[in-house]
Each structure stands twice: as structure tokens, then as C-alpha cells.
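Descriptive analysis of the structure
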Amino acid sequence: MTRSHQGKVYEGVLYQLKSYIDENQLKPGDKLPSERELSEQLNVGRSSIREAFRAMELLGLIETKRGEGTYIRAYRPYHMVELLSSFLLNESRTREELLTAKQMMEKEVLFILVGKVAEGQRLKLEQIMVKENARERYQSFFTFLFELCERPLLLSMWQFISGFALAREEIQYEAGWYKQVIEIIKNGDKKDILMLYP
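Residues numbered from 1 in each chain as written. Predicted model: local features only at pLDDT ≥ 70, side-chain atom pairs only at ≥ 80, totals over all residues. Heavy atoms only, no water.

**Some remarks on the overall build of the protein**
Stated precisely, the cut-off is as follows: Only runs of H or I of at least four residues qualify as helices and only runs of E of at least two qualify as strands under DSSP, and these elements are numbered from the N terminus. Relative accessibility under 20% of the residue-type maximum defines a buried residue, over 50% an exposed one, and the middle range a partly exposed one, all with a 1.4 Å probe and only protein chains included. The contact rule is simple, with two residues in contact once any of their heavy atoms fall within 4.5 Å. Accessible surface is estimated by sampling points in the Shrake-Rupley manner with a 1.4 Å probe; for residues, cover comes only from the protein chains shown.
Secondary structure assignment for the protein yields 10 helices and 3 strands. Within the protein, buried positions represent 36% of all 198 residues. Long-range contacts, defined as pairs at least 24 residues apart, comprise 64% of the intrachain contacts of the protein with a sequence gap of at least 6. About 12300 Å² of surface is accessible on the protein, with carbon and sulfur atoms providing 51% of the total.

**Examining the sheet that holds strand E3 (residues 69-72)**
Strand pairing in a sheet relies on backbone hydrogen bonds, with the paired strands running either antiparallel or parallel. Definition in use: Pairing between two strands is assigned when DSSP locates at least 2 bridges connecting them. Note on geometry: axes are lines fitted to C-alpha atoms, helical ones only across the stretch in contact, with angles between N-to-C directions running from 0 to 180 degrees.
Strand order in the open sheet made by the 3 strands is E1-E3-E2, with antiparallel pairing throughout. The two strands at the open ends of the sheet, each matched to only one other strand, are strand E1 (31-32) and strand E2 (62-65). When E2 meets E3, the two strands line up antiparallel, connected through 4 bridges. In the strand pairing of E3, Lys65 is matched with Gly69. Of the strands in this sheet, E1, E2 and E3 are in contact with helix H3 (residues 46-58), which crosses E2 at around 110 degrees.

**Looking at helix H8 (residues 152-166)**
Our working rule: An expected span of 1.5 Å times one less than the residue number is assigned to each helix.
Between the first and last C-alpha of H8 there are 21 Å, a value that for 15 residues agrees with the 21 Å anticipated at 1.5 Å per step. Every buried residue belonging to H8 is among Leu154, Leu155, Trp158, Gln159, Ile161, Ser162, Gly163, Phe164, Ala165 and Leu166, and all of these are buried.

**With respect to the packing of helix H6 (residues 119-129) against helix H9 (residues 175-187)**
Short version of the rule: Any angle that falls under 35 degrees is termed roughly parallel, while one over 145 is termed roughly antiparallel, one within 65 to 115 roughly perpendicular, and all others oblique. Ten residue types, Ala, Val, Leu, Ile, Met, Phe, Trp, Tyr, Cys and Pro, are classed as nonpolar, four, Asp, Glu, Lys and Arg, as charged, and the remainder, Gly among them, as polar.
At their nearest, the axes of H6 and H9 sit 10 Å apart, and the two run at 175 degrees to each other. Relative to H9, the element H6 lies roughly antiparallel. Side by side, H6 and H9 meet where Arg122, Leu125, Glu126 and Met129 of the first sit next to Ala175, Tyr178, Lys179, Ile182, Ile185 and Lys186 of the second. Along the lines of polarity and charge, the residues of the contact of H6 with H9 split into 6 nonpolar, no polar and 4 charged.

**A look at the nonpolar core**
To be explicit about the condition: To qualify as a nonpolar core, a set must consist of buried Ala, Val, Leu, Ile, Met, Phe, Trp, Tyr and Cys residues joined through side-chain atoms within 4.5 Å.
Within the largest apolar cluster, 36 residues are counted, with the highest numbers of intra-cluster contacts made by Leu110, Phe141, Phe142 and Leu145. Going through the elements one at a time, helix H5 (92-113), H6, helix H7 (134-149), H8 and H9 are the ones with two or more residues in this core. Dropping the residues within four chain positions of it, Phe142 is found in contact with Glu106, Val109, Trp158, Tyr173, Trp177 and Tyr197. Counting 14 residues, the second-largest nonpolar core is a separate cluster that includes Tyr20, Ala52, Met56 and Ile72.

**Here's the deal with the confidence of the model for the protein**
Stated formally: Confidence scores here are pLDDT values: one per residue, from the predictor, ranging 0 to 100.
Looking at the protein, the pLDDT average stands at 81 and 83% of residues meet or exceed 70. Across residues 1-7, confidence stays below pLDDT 50; counting only partners more than four residues off in sequence or on other chains, it has 1 contact.

**Structural notes on the environment of Asn43**
For Asn43, the location among the structural elements is in the loop between helix H2 (35-42) and H3. Its relative accessible area of 69% is what places Asn43 among the exposed residues. Separated by 30 residues in the primary sequence, Asn43 and Val13 place their C-alpha atoms 9.6 Å from one another.

**Some words on the side chain of Lys102**
With respect to the helices, strands and loops of the structure, Lys102 is situated in helix H5. Assessed through its relative accessible area of 5%, Lys102 is described here as buried. Beyond its immediate stretch of four places on either side in the chain, Lys102 contacts Tyr138, Trp158, Ile161, Ser162, Ala165, Leu166 and Tyr173.

**Quick look at unusual backbone geometry**
Backbone geometry at Asn43 places phi at a positive 60 degrees, although glycine is not the residue there. We note that Glu150 has phi near 55 degrees; this positive angle belongs to a residue other than glycine. Among the secondary structure elements, Glu150 is positioned in the loop between H7 and H8.

**A short note on the packing of aromatic side chains**
To be explicit about the condition: The criterion for an aromatic pair is that two Phe, Tyr or Trp rings (for Trp, the six-membered ring) have centres within 6.5 Å, with stacked assigned to planes under 30 degrees apart, edge-to-face to planes over 60 apart and tilted to the rest.
A complete count under the given rule lists 13 aromatic pairs for this structure. Judged by centre distance (6.3 Å) and plane angle (85 degrees), the rings of Tyr173 and Tyr178 are edge-to-face. The pair formed by Tyr173 and Tyr178 is uniform in burial state, with each residue classed as buried. With 6.4 Å between their ring centres and 85 degrees between their planes, Tyr173 and Tyr197 make a pair best called edge-to-face. With Tyr173 in the loop between H8 and H9 and Tyr197 in the segment after helix H10 (190-195), this residue pair connects regions lying 24 residues apart in the sequence. In this pair, the class of Tyr173 matches that of Tyr197, namely buried. Here the aromatic cluster, defined as three or more aromatic residues joined through ring pairs, consists of Tyr138, Phe141, Phe142, Phe146, Trp158, Tyr173, Trp177, Tyr178 and Tyr197.

Pasting the structure below:
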């Protein structure tokens, strides 16, 4: 079998596994069938299932418990950061580009939400703002904003990029900065958002 054909088979198995998970509405904590059962159901070799499982485990999508089986786990975007950051963050230019990309996505979510945040949502942001841990405060604050936008793809992209960007950089936003953000998305103008990022 040629390398390109092996790649196509492998990609096909990953696609079939994803479809299987979606169709059966499996959630974190749910158990997957055994390699043998999946091999029969998907009509592919057990070795292909095994390779696909390895890739999914590396990505943090599943976990194998010895003697118990394979389970779906909650997607952790920062898992890939742990694996790859040491390779990608060695050059200062890469770090600068990641920080730029992170800020671009933050600005985008704020542009979308200006004038659209309800009182209860604003109060939730104010509760998040008082968290003492700067990293946790940042991640919770913007995760909530991206969720308000109902843009799951944008949220995943931000989680991935911000994870890389923050792997070697400290959070620079102080409590006063978050207050400004809340005030702007409540009463401000989109032009004010640009002033948050000098």
C-alpha cells in the first residue's frame, strides 16, 4: 500500500469515527465501542482504528483507561498548545504574530457585541472581572463573550491561538481594562474598541 493511499484510509477512518460520535450523540464521559466492534461496524482494519485512536488521544479527544475501554473526553484546546508551543514559540516574530492574531479576534468579538449585551450578561462579566488569577480572569471573560456571540468556530480558533500566545506571555490586562470593555460594549461606540489596543 502506498503512503498516499495509507493517508486516505487513515483520514477516512477519522471521518467515520467523527460521524459515528456525532450520529450516536456521544458526549464527554461516554464509552466508545472496542477496536474490534468499530472495525466490524465501519468495515475497516483494526490497525486503522488503532491509529485513529492514537491520533485522537494525542489531540485530547479521547482517553483510554486500561482494562475499561476508550472514552470521549471534553475537548481541551490547550492540550495541543502543550504539545506544540515549544516548537512554535522559539522565535520572537512568531510570538508577536500570535499576539496580533489574538488581539484581532478579541476586537472582532467586541465589535459584534457592542450594544447587544443584556443587563444579566453584563453582571456576569462583572463577576468574572473580580477573579484574582489574571489568566483565569482573561480566559473566562473572553470565553463568555465568544459564547454570547454564538460563534463556536471563532471561540475554538481564539482558544487555540490565545493558548499559544499566552504560553510564554503574561496577561497584560488589568482590572480597569475589563471595566472599560464592559462600559464600551454597553454604551460605547465601535471606535472606542480600537482605543483599548494601543
